[in-house]
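Breakdown of the fold
What follows is each chain in one-letter form.
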Amino acid sequence: MDPGATRTVTAALRGARPVPYWLDDPGRPGALPALTGDEHCDLLVVGGGYSGLWTALLAKERDPGREVVLIEAREAGWAASGRNGGFCAASLTHGFSNGLARWPHELRKLEELGERNLDAIESTVARHAIDCDFERTGEIDVATEPYQLDDLRERYEQATRLGVTGLEPLDRDAVRAEVDSPTFLGGLWDRRGVAMLHPARLAWGLKRACLDLGVRIHEHTPGLELARSGASMAVRTPYGRVFARQVALGTNVFPSLVRRVRPYTVPVYDYALMTEPLTPEQLSAVGWQRRQGLADSANRFHYFRITADRRVLWGGYDAFYPYGGRLDAGLEHRPETYRRLASHFFRCFPQWEGVRFSHAWGGAIDTCTRFAAFFGTAYGGRVAYAAGYTGLGVGATRFGGDVMLDLLAGERTGRTELAMVRAKPLPFPPEPAAWAGIGLTRWSLARADARGGRRNAWLRTMDRLGLGFDS
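Reading the values: the criteria
Residue numbers restart at each chain and count upward from 1, following the sequence in its written direction. Owing to the predicted nature of the model, reporting of local features is limited to residues with pLDDT of at least 70; listing and counting of side-chain atom pairs is limited to 80 or more, with chain, interface and lining totals taken over all residues. For the side-chain quantities, the full set of heavy atoms in the structure was used; hydrogens and water were omitted. Under the DSSP-based scheme used, a helix requires at least four consecutive residues in state H or I and a strand at least two consecutive residues in state E, with every element numbered from the N terminus. By this rule, a helix spans an expected 1.5 Å times one less than how many residues it contains. Note on exposure labels: buried denotes an accessible area under 20% of the residue type's maximum, exposed denotes more than 50%, and partly exposed covers the range between, all computed with a 1.4 Å probe on protein chains only. Stacked, tilted and edge-to-face are the three classes assigned to paired rings of Phe, Tyr and Trp, where Trp is represented by its six-membered ring and a pair needs centres within 6.5 Å; plane angles under 30 degrees give stacked, over 60 edge-to-face, the rest tilted. Note on geometry: axes are C-alpha line fits, over the in-contact stretch for helices, and angles between N-to-C directions span 0 to 180 degrees. An angle below 35 degrees is read as roughly parallel, one above 145 as roughly antiparallel, one from 65 to 115 as roughly perpendicular, and any other as oblique. For any helix crossing, the convention is left-handed if the near helix is rotated counterclockwise from the far helix by under a right angle, and right-handed if that rotation is clockwise. Whether two residues are in contact is decided by their heavy atoms, any of which lying within 4.5 Å being enough. Only buried residues count toward a nonpolar core. Its members are Ala, Val, Leu, Ile, Met, Phe, Trp, Tyr and Cys residues joined through side-chain atoms within 4.5 Å. We define a polar contact as two N or O atoms separated by no more than 3.5 Å, with the added condition that, inside protein, one atom must be a possible hydrogen donor and the other a possible acceptor, whereas residues neighbouring each other in sequence contribute only through side-chain atom pairs. For two strands to pair, DSSP has to find at least two bridges joining them. Salt bridges are defined as contacts in which a side-chain nitrogen from Lys or Arg sits within 4 Å of a carboxyl oxygen from Asp or Glu. The patch calculation keeps residues exceeding 30% relative accessible area without a salt bridge and links them within 9 Å when they carry like charges or within 5 Å when they are nonpolar (Val, Leu, Ile, Met, Phe, Trp, Tyr). Shrake-Rupley sampling with a 1.4 Å probe provides the accessible areas, and residues are treated as covered by the protein chains on show and by no other component. Directions pointing from the helix axis toward each C-beta atom define the arc.

Take helix 10 (residues 393–409) next. Over its 17 residues, helix 10 extends 23 Å from the first C-alpha to the last, a length consistent with the 24 Å expected when each residue adds 1.5 Å. Among the 17 residues that make up helix 10, 15 are buried, leaving the element largely enclosed by the rest of the structure. Following helix 10 by one or two positions, Gly-410 adopts a phi angle in the positive range, close to 70°.

A complete count under the given rule lists 24 aromatic pairs for this structure. On the basis of an interplanar angle of 35° and a centroid distance of 6.1 Å, the ring pair of Trp-78 and Phe-254 is categorised as tilted. Pair noted here: Trp-78 is in the loop between strand 2 (68–71) and strand 3 (87–89) and Phe-254 is in the loop between strand 11 (240–249) and strand 12 (266–275), with a separation of 176 residues, a long-range link. Of the residues examined, Trp-78 reaches a relative accessible area of 12% and is grouped as buried.

Bringing the packing of helix 2 (residues 50–62) against helix 7 (residues 199–212) into the picture now. Between helix 2 and helix 7, whose axes approach to 9 Å, the crossing angle comes to 30°. The orientation of helix 2 with respect to helix 7, classified from their angle, is roughly parallel. Helix 2 and helix 7 meet at a crossing whose hand is left-handed. Residues Tyr-50, Leu-53, Trp-54, Ala-56 and Leu-57 of helix 2 form the contact with helix 7, whose own contacting residues are Pro-199, Ala-200, Leu-202, Ala-203, Leu-206, Lys-207, Ala-209 and Cys-210.

Moving on: the nonpolar core. Formed by 54 residues in total, the largest nonpolar core has its most connected members in Leu-43, Phe-134, Leu-202, Leu-206, Phe-375 and Met-420. Sorting the residues of this core by element identifies strand 1 (37–46), helix 2, strand 2, helix 4 (107–127), helix 7, strand 18 (383–387), helix 10 and helix 11 (419–422) as the ones contributing at least two each.

Next up on the list: the side chain of Glu-219. Checked against the element boundaries, Glu-219 lands in the loop between strand 8 (216–218) and strand 9 (225–229). Of note is the side chain of Glu-219, whose polar atom sits 2.6 Å from the backbone nitrogen of Leu-32. A distance of 3.0 Å separates polar atoms of two side chains, one belonging to Glu-219 and the other to Lys-207. Beyond its immediate stretch of four places on either side in the chain, Glu-219 contacts Gly-30, Ala-31, Leu-32, Pro-33, Ala-34, Glu-72, Arg-74, Glu-75, Ala-76 and Lys-207.

Paired through backbone hydrogen bonds, the strands of a sheet run either parallel or antiparallel to each other. Spatially, the eight strands line up as an open sheet ordered 5-6-4-13-14-15-12-16, and their pairing is mixed. Looking along the sheet, the strands with just one partner apiece sit at the ends: strand 5 (167–170) and strand 16 (357–367). Neighbour-to-neighbour, the strand axes of the sheet open up by a mean angle of 20°, direction not taken into account. Bridge count between strand 12 and strand 15 (residues 312–316): three bridges; the pairing is antiparallel. Its bridge partner lying in strand 15, Ala-272 is registered against Gly-315. Here helix 9 (residues 335–348) sits on the sheet in contact with strand 12, strand 14 (302–306), strand 15 and strand 16, set at roughly 50° to strand 12.

The pairing of strand 9 with strand 10 (residues 232–237) spans five bridges and is classified as antiparallel. Looking at the pairing, Glu-225 lines up with Arg-236 of strand 10. From the end of strand 9 to the start of strand 10, which pair antiparallel, there are two residues, and Gly-230 there has a positive phi angle of about 65°.

When their charged atoms lie close together, side chains carrying opposite charge are able to pair. By the definition in use, this model includes 36 salt bridges. Of the charged contacts in the structure, one is a salt bridge between Glu-75 and Arg-28, with a shortest N-O distance of 3.8 Å. With Glu-75 in the loop between strand 2 and strand 3 and Arg-28 in the loop between helix 1 (3–13) and strand 1, this pair connects stretches of sequence that are 47 residues apart. Residue classification places Arg-28 among the partly exposed positions, given a relative accessible area of 35%. Ionic pairing is found between Arg-153 and Asp-150, a salt bridge with its closest N-O pair at 2.8 Å. Remark: Asp-150 and Arg-153 occur in helix 5 (residues 146–162); sequence separation between them is three residues, near one turn of the helix. The partly exposed category is assigned to Arg-153, whose relative accessible area is 44%. Overall, the relative accessible area of 47% leaves Asp-150 in the partly exposed class.

On the surface, Leu-440, Trp-443 and Trp-458 cluster together into a nonpolar patch covering about 300 Å² of accessible area. Considering the arrangement of structural elements, one finds Trp-458 in helix 13 (residues 457–465).

Let us now look at the side chain of Asn-117. Along the chain, the position of Asn-117 falls in helix 4. We classify Asn-117 as buried; its relative accessible area is 4%. A distance of 3.2 Å separates a polar atom in the side chain of Asn-117 from a polar atom in the side chain of Arg-398. Apart from residues lying up to four places away in sequence, Asn-117 is in contact with Leu-92, Gly-395, Ala-396, Arg-398 and Phe-399.

Among the residues of helix 1, those classed as buried are Thr-8, Val-9, Ala-12 and Leu-13. What you see down the axis of helix 1 is that its buried residues fit within an arc of 120°, all on one side. Away from its buried face by more than 90 degrees, helix 1 exposes Pro-3 and Arg-7. Gly-15, located one to two residues past helix 1, shows a positive phi value of around 90°.

In structure tokens:
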């Protein structure tokens, strides 16, 4: 950066709180008591993020008489569910292009299921009066390099041939009429397929809805060990045990209680900045009146959106994998990434020079080699799991909860018959191969961005094998 840009970035980050903006909320509910002693139930849900909360809520809605217990290692929504960008997408496949590459013959059905899933989320938010700033604004994927215009055009044509509606291509003038950045060359607007929301409040609202329906929730209660106990399953916790006929695991990025599932995911650390509230004059300099979510179309991409209180969230780009896949609170902050993100922010929106950031934070995403969630059962069908959402779990975790409940019920449904549900991704190799492979992939993706999207031999090989690494 030149000295002037360095001063701008330094001033903008000065005073930024190193905590997730969404969790820095006076409305954050207090923690529920930890489990002490033994509990017995029909269904135990392990994990108090979206995956576990949706599963518990759906279980009670399916069968109000079912006794459901949920345990959470810290507090509901404290991890990825309270740190993400608040993009609630209909896509179950980490975007149309990923779905087309992996499940072309059932993508139309997956798109329909995703649309119904997002509608059901909107209905649940209204039915349970969850105050999470839910806005069905859609999302614009923008091109910032000429080659990306061809990619967006091809995606639009493929989706149209498949019967997908609601997409609108935007040329340079049209996209800048919506959101004015000198870096935008065009875009593809998904008008209905994405909603913006306050992610932590969604988690807290789901927690309250679960309690209202009779779910027994114990926070600060990690599940330490899973084992058979006669006709039931038993999960040991620090101060007790839970005996349950069935168990649903929604632990995602954290090590699964089913050990053979662990090689299928790795933690990837993602980072975000949040600005101070912008004035009406600052906002009018950019437009953005329809409050869409946005993402650029590079391999190392940014995502950005406006909050209900007129702040701008700016995240993505760096995707940091720690050797050995370790989870470490010290990795939740990366000053060099904050500086890089701030520099990119002012390059995208030079109109906002002088805006300051109020919060800067990071968190771990559960990534798998196909980018989209995978599912399975263990212990003779008494345990179900879902993981690997790779950053698009705000909406897809509700679908995952339905899949886990279908699997536990032993039902053949439209969901369980999907190839996406029946097959698993390739696992990550052990170290040091995982570290070397992910590092080479990150370098290759950065190089492709710098070379007009041209993918080198390593990325082409990964494409043929159906492998990937994404932020």
